[in-house]
Amino acid sequence: MSAFLTVNNLSASLHGYDQRVLRSVSFSIDTGEVLGLVGESGAGKSMIGKAILGILPSAIDIVEGEILLDGQDLEKMKPADRRRLIGATAALIPQDPLTALNPSRRIEPQITNRLVDILGWTKANARVRALELLNEVHIDNPERVMASYPHELSGGMRQRVLIASAFAANPKLVVADEPTTALDVTVQKQILRLIRELQARHSTAMVFVTHDLGVVSKVCQRLSVLYGGKIVENSSVAEFFDGPKHAYSRALLAATPKYTDPEASLLPVDEAVIEAAAAEVLAADREWRHGG
Amino acid sequence: MLDGRGSVKRKLGARLWLSGTWLGLMALLALLAPWVSPHDPLAQDLFAGRLPPFWVAGADPAYLLGTDSLGRDVLTRILHGARIAFSVALIAGLATAFVGSLLGLLAGYMRGWVDVVISRLVEIWMAFPPVLFAILLIAVLGTGLTSIIIAIVVIDWTRFCRVVRAEAMNQSAMDYVASAVVAGRPRRDILWREILPNVLPTIVALLTLEMGIAIIVEAILSFVNLSISSDAPTWGGMIAEGRTSIHQAWWVLAFPLIVLFLTVLSFSQIGEGLKDRFDPVLR
């Protein structure tokens, strides 16, 4: 069987502009595999995740390429079918736990909605499942949390609830969009461990969007480095940390803070490297225009 | 888990207390006006014209707040006026809130051509002077309570539409909406079950404000004699009549004006108070 998720030659642009924001992005993920998408702010990492799940902002159009989920081309599906397929097989762990839960609803329906509405479970079964999930994410008093409103929970608790909710319907694909960025360092570690634990137990395919190479080394098997909406390097995590192939990846890795030498590692990426990467992106654009 | 704030019950606050009491009292009196008011609101007694309120020399204790130039009891007319004012506030307020919020929600959530059509309509609508608009409408529809309510809805729905649209757009950009989309929930469901509950506090605050505004609009229309029949006891009509005899009988103007002022103020204050109390984030 081929990969569970394949993204082929995906390009997107701002509505009404010729400029592309995603430039012929291609990658694939097998079942049970975690792919890290790394890059600096604005490189388009989150946008790829959103494109897969169909939640791109309305100002961004997909101009070419295909997204194959379990062998089905999402871009060619009817919106209603696509919504059902995504709802049944994919889930999102969002970036900001503060806005990712509806402030005026209790936790229980926010976890069980998908089970009841999309998968047709009974309310009682969905409730049992929700309690089980909250146990799985190590929440001590699940009954009480289910009856709480989001503002009664701490940030770490909310992120646990969101992870539980993401894994509720046994998704085959999870997109984690910087799931630990909004949390403080001690909580980050627990949450990462939790995500990896659940991902391994359910052997979920996962797209892990982050700017933190340290996180990638702990969670992912492979990674793609993005610059300006273009993938400049695809490699396995082991290969990457042994020696990145692309000059930009090397610079990115060198820019990661090190405890042993904090001063030296906080230097900005070399100007020449950025220019070379930018030139590469522009060259790809020229080629794309002539080809298309 | 529950934090400190969650378990502490907040006090009602003077604002909510005062405005709530005043509105409750007025609503009760309006409801019971035919039974509690001392006189017939329409009965004229030319021999008892322009009697002052009870504490002024020459007053008749049967007319607590005095009489107007036709000898009608001011207190009775204020109580019966409250019936009209509160009916207008309630019916026109709710209808305006419904129409405006519905269009605002649709525009803010659906975006695209729906938003373009509704937003342009709002802009065109708002460029038209509201009072002139109301007078024109009444001229077409004829006077009467129903016409006034229709006029208020037609003029004021834009107030809700603009604010609710902005708030719906705000909420639509939140991650919880994205999560609901990924979960495959239908759009209609997301609008009513995810977004509406978060826009509701704004709608409630606007609604109470609108109730006050509806009372003012009714008073303005009564003032220019476009409300209900000219001898019907409306606050605006009483103020208009009182204006002509301000130097001889100030009480004909002053009492309905004070009641109108306090009622409108209370509506706006109760809205703010409720918003503070029920907003899930501020709570």
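This structure is a prediction, so every number in the text was calculated from the model and none was measured.

### What to know about the overall build of chain B
- Each helix and strand in chain B was counted, giving 10 helices and zero strands.
- The order of α-helices and β-strands along chain B, N terminus first, is α-α-α-α-α-α-α-α-α-α.
- Over its C-alpha atoms, taken along the principal directions, chain B stretches across nearly 75 × 50 × 30 Å.
- For chain B, buried positions account for 48% of its 283 residues.
- In chain B, the share of contacts with a sequence separation of at least 24, taken over all contacts with a separation of at least 6, comes to 73%.
- Entry remark: accessible area of chain B is about 13,800 Å², with carbon and sulfur atoms responsible for 70%.
- In chain B, 22 side chains carry a positive charge and 20 a negative one; their mean positions are 8 Å apart.

### As for the interface of chain B and chain A
- In this assembly, 23 residues from chain B lie in contact with 30 residues from chain A.
- Viewed at the interface, chain A and chain B are joined by three salt bridges.
- A salt bridge links Asp117 of chain A to Arg185 of chain B; its shortest N-O distance comes to 3.5 Å.
- Counting across the chain B and chain A interface gives seven residue pairs in polar contact (both at pLDDT 80 or more).
- Only helix H7 (175–182) and helix H8 (187–223) of chain B provide two or more residues apiece to the side of chain B that touches chain A.
- Broken down by element, the residue count for the side of chain B that touches chain A peaks at six residues, all from H7 of chain B.
- Here the residues of the side of chain B that touches chain A sort into 12 nonpolar, three polar and eight charged.

### A few points about the packing of aromatic side chains
- Within this structure, the stated rule accounts for 11 aromatic pairs over all chains.
- The rings of Phe54, Trp55, Trp250, Trp251 and Phe255 of chain B are connected pair by pair, giving a single aromatic cluster.
- Positioned over the ring face of Trp288 of chain A is Arg20 of chain A, at 3.8 Å from the centre of the ring.

### Observations regarding the packing of helix H6 (residues 145–172) of chain B against H8 of chain B
Residues and elements named next belong to chain B.
- Here H6 crosses H8 at 155°, and the two axes come no closer than 9 Å. Classified by the angle between their axes, H6 and H8 sit roughly antiparallel to one another. Regarding H6 and H8, the two cross each other, and that crossing is right-handed.
- Partitioned by chemical class, the residues of the contact of H6 with H8 number 15 nonpolar, four polar and five charged.

### Concerning the sheet that holds strand S1 (residues 5–14) of chain A
Residues and elements named next belong to chain A.
- With antiparallel pairing, the four strands of this open sheet are ordered in space as S2-S1-S4-S5. Here the strands that pair on one side only, and so sit at the sheet edges, are strand S2 (20–29) and strand S5 (72–73).
- Bridge count for S1 against strand S4 (residues 60–69) is eight bridges, and the pairing is antiparallel. Counterpart to Ala12 in the pairing with S4 is Ile62.
- Across the sheet, helix H12 (residues 271–291) lies against S1, S2 and S4, angled at about 95° from S2, the strand it touches most.

### Describing the confidence of the model for chain B
All names here are of chain B.
- On average, chain B scores 87 in pLDDT, and the residues at 70 or more come to 93%.
- For residues 1–8, every residue scores under 50 in pLDDT, and the model assigns this stretch 12 contacts once sequence neighbours within four places are set aside.
- Under the prediction, the complex receives an ipTM of 0.85, its pTM being 0.84.

### With respect to the confidence of the model for chain A
- With 97% of its residues at a pLDDT of 70 or more, chain A has an overall mean of 89.
- Within chain A, the element-level pLDDT minimum falls on helix H11 (residues 262–265) of chain A, averaging 67, and the maximum on strand S8 (residues 205–209) of chain A, averaging 96.

### Observations regarding the pairing of strand S6 (residues 90–93) of chain A
Residue and element names in this part refer to chain A.
- Burial along S6 is two-sided: the residues Ala90 and Leu92 and Ala91 and Ile93 are all buried.
- Relative to strand S7 (residues 173–177), S6 is paired through four bridges, and the arrangement is parallel. Bridging across to S7, Ile93 finds its partner in Ala176.

### Focus on the pairing of S2 of chain A
Residues and elements named next belong to chain A.
- Both S1 and S2 contribute to a ladder of six bridges, which runs antiparallel. Of the residues in S2, the one forming a bridge with Leu10 is Val25.
- Between the end of S1 and the start of S2, which pair antiparallel, lie five residues, with Gly16 showing a positive phi angle near 85°.

### A look at a positive patch on the surface
Residue and element names in this part refer to chain A.
- A cluster of like positive charges, contributed by Lys189, Arg193, Arg196 and Lys218, occupies part of the molecular surface.
- The element contributing the most residues to the positive patch is helix H7 (residues 185–201), with three residues.
- Within the element layout of this structure, Lys218 appears in helix H8 (residues 213–219).

### Focus: a nonpolar patch on the surface
- Together, Phe54, Trp55, Val56, Leu64, Ile246 and Trp250 of chain B make up an exposed nonpolar region whose accessible area comes to about 570 Å².
- Along the polypeptide, Val56 of chain B turns up in the loop between helix H2 (14–36) and helix H3 (74–110).

### Description of the sheet that holds strand S10 (residues 230–236) of chain A
Residues and elements named next belong to chain A.
- Here six strands make up an open sheet; going across it, the order is S6-S7-S8-S3-S9-S10 and the pairing mixed. Each of the sheet's edge strands pairs with one partner strand only, and the pair in question is S6 and S10. Strand after strand, the sheet turns through a mean of 15° between neighbouring axes, direction not considered.
- Relative to S10, strand S9 (residues 222–227) runs antiparallel, the two sharing six bridges. Across the sheet, residue Tyr227 finds its bridge partner in S10, namely Lys230.
- Sheet contacts for helix H2 (residues 79–89): S6 and S7; angle to S6, the most-contacted strand, approximately 65°.

### A closer look at the pattern of salt bridges
- The tally for this structure, following the rule as stated, stands at 27 salt bridges over all chains.
- Its salt-bridge partner being Arg201 of chain A, residue Glu136 of chain A comes within 2.4 Å of it at the nearest N-O pair. Of the two residues, Glu136 of chain A is situated in helix H4 (residues 123–136) and Arg201 of chain A in helix H7; the sequence distance between them amounts to 65 residues.
- Glu136 of chain A gets classed as buried once you look at its relative accessible area, which sits at 14%.
- The class of Arg201 of chain A is partly exposed, set by a relative accessible area of 47%.
- Three or more residues joined by partner-sharing salt bridges are found here, namely Arg105 and Asp117 of chain A together with Arg185, Asp189, Arg193 and Glu194 of chain B.

### Considerations on the environment of Arg222 of chain A
Residue and element names in this part refer to chain A.
- Looking at the element boundaries, Arg222 is found in strand S9.
- Given a relative accessible area of 23%, Arg222 falls into the partly exposed group.
- Distance from Arg222 to Asn125, taken between C-alpha atoms, is 37 Å for residues 97 residues apart in sequence.
- Among the polar contacts listed, one links the side chain of Arg222 to the backbone oxygen of Ser28, at a separation of 2.4 Å.

Cut-offs and rules
- Residues numbered from 1 in each chain as written.
- Chains lettered and ligands numbered in written order.
- Predicted model: local features only at pLDDT ≥ 70, side-chain atom pairs only at ≥ 80, totals over all residues.
- Heavy atoms only, no water.
- Helix = DSSP H or I, 4+ residues; strand = E, 2+ residues; numbered from the N terminus.
- Buried < 20%, exposed > 50% of the residue type's maximum accessible area, 1.4 Å probe, protein only.
- Contact = heavy atoms within 4.5 Å.
- Areas by Shrake-Rupley, 256 points an atom, 1.4 Å probe, with all protein chains shown as cover.
- Lys, Arg positive; Asp, Glu negative; His and termini not counted.
- Charge placed at Lys NZ, Arg CZ, Asp CG, Glu CD.
- Salt bridge = Lys/Arg side-chain N within 4 Å of Asp/Glu carboxyl O.
- Polar contact = N/O pair within 3.5 Å; in protein donor to acceptor, adjacent residues only side chain to side chain.
- Nonpolar A, V, L, I, M, F, W, Y, C, P; charged D, E, K, R; others polar.
- Phe/Tyr/Trp six-rings, centres within 6.5 Å; stacked < 30°, edge-to-face > 60°.
- Lys NZ or Arg CZ within 6 Å of the ring centre and 35° of its normal.
- Axes fitted to C-alpha atoms, helices over the stretch in contact; angles between N-to-C directions.
- Parallel < 35°, antiparallel > 145°, perpendicular 65-115°, else oblique.
- Left-handed = near helix turned anticlockwise from the far one by under 90°.
- Pairing = 2+ DSSP bridges.
- pLDDT = per-residue confidence, 0-100.
- Patch = residues over 30% accessible without salt bridge, like charges linked within 9 Å, V, L, I, M, F, W, Y side chains within 5 Å.

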